[in-house]
Amino acid sequence: WSRDSCFNVITNYESIGFGQSVSVYHSHIVIGAPAFSEDDGMVFFWNYDSTAKTWNKTNKFMGRDSQYLGATVSVYGSFAAVSSPYYNFGTLEKAGTVYLYNYQTQDAGNLGWIGFQNLTSSLPDRYNEFGRSLDIHDKYLIIGEPYASDIASNSGAIYIYYYNTTSGLWIQDARLKSWDGNSDDRFGSSVSIYQSGSRYYALGGSPYHSQEKGAV
């Protein structure tokens, strides 16, 4: 391994958390800076130019209202998911949301990233932080909500979505909870999803399960 590139941004803000979250797939890189502008957050997209052999910044999106945009990011194929775990859902503080972007032809005829959908918990509540973790693989997206409390306080939950090619939208497929969840397990603090053959595997971490011994 040798260093290929170094990514940074020029800003008047001293602390933006650039690089707190990163994801790469083929010619796409997504980098989150959730502390930008007093935790409004920002996410940056780079695409690789195979002719010039350089990475070029193509798009950036800024959050608002201290929603912490870019806390977690994931990119796969032509889709990217970016979380805002401090997003306020109505009067529910820090309920959280996940924004979805698609790499496609824009109005000027150039390829770029366009936001087209945002996801929220089917059981939103204050401080649940939906989107604290996420991962995309193929046609499935997994999202963690570690502070969900429908089993016990902060027991946690994870959501699985699939991409519907007919509607062009991501649809909730399942909401999973730990079968032995207890208070403060924080199931969904970390997640991962992967396909092997005809099977899909989903993982959800509970780092505080069983007196902080942890479980997956």
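Each value, and the rule that gives it
- Residues numbered from 1 in each chain as written.
- Predicted model: local features only at pLDDT ≥ 70, side-chain atom pairs only at ≥ 80, totals over all residues.
- Heavy atoms only, no water.
- Pairing = 2+ DSSP bridges.
- Helix = DSSP H or I, 4+ residues; strand = E, 2+ residues; numbered from the N terminus.
- Axes fitted to C-alpha atoms, helices over the stretch in contact; angles between N-to-C directions.
- 1 Å grid on protein atoms, 1.4 Å probe; cavity = no way out; pocket = protein on both sides within 12 Å on 5 of 7 lines; lining within 4 Å.
- Points joined across faces, edges and corners; volume = space filled by probe spheres on them.
- Core = buried A, V, L, I, M, F, W, Y, C linked by side-chain atoms within 4.5 Å.
- Buried < 20%, exposed > 50% of the residue type's maximum accessible area, 1.4 Å probe, protein only.
- Contact = heavy atoms within 4.5 Å.

Q: When you look at the sheet that holds strand β4 (residues 54-62) in this model, what are you seeing that I'm missing?
A: Strand pairing in a sheet is mediated by backbone hydrogen bonds. Such pairs are either parallel or antiparallel. Ordered by their spatial adjacency, four strands build an open sheet running β1-β2-β3-β4, and the pairing between neighbours is antiparallel. The sheet is open, and its two edges are formed by β1 (21-25) and β4, each paired on a single side. Mean inter-strand twist for the sheet, computed between neighbouring axes without regard to direction, equals 15 degrees.

Q: I would appreciate a short explanation of the layout of surface pockets in the present structure.
A: A water-sized probe, rolled over the atoms, reveals where empty space remains. In this structure, the largest pocket occupies an estimated 250 Å³ of space. At three residues, strand β14 (residues 199-205) tops the list of elements feeding residues into the lining of the largest pocket.

Q: Where do I start with the nonpolar core in this structure?
A: Ranked by size, the top nonpolar core spans 14 residues in total, and within it Leu141, Ile143 and Tyr161 carry the most contacts. In contact with Ile143, not counting residues within four places along its chain, are Val98, Leu119, Phe130, Gly131, Ser133, Leu134, Ala157, Ile158, Tyr159 and Tyr161.

Q: I tried to follow the sheet that holds strand β12 (residues 169-176) on my own but got confused; where do I start?
A: The strand order across the open sheet formed by four strands is β9-β10-β11-β12, and the pairing between neighbours is antiparallel. Looking along the sheet, the strands with just one partner apiece sit at the ends: β9 (133-137) and β12. Strand-to-strand twist of the sheet, defined as the mean angle between neighbouring strand axes without regard to direction, takes the value 20 degrees. Pairing geometry for β9 and strand β10 (residues 140-145), over five bridges, is antiparallel. For Ser133, the partnering residue across the bridge sits in β10 and is Gly144.

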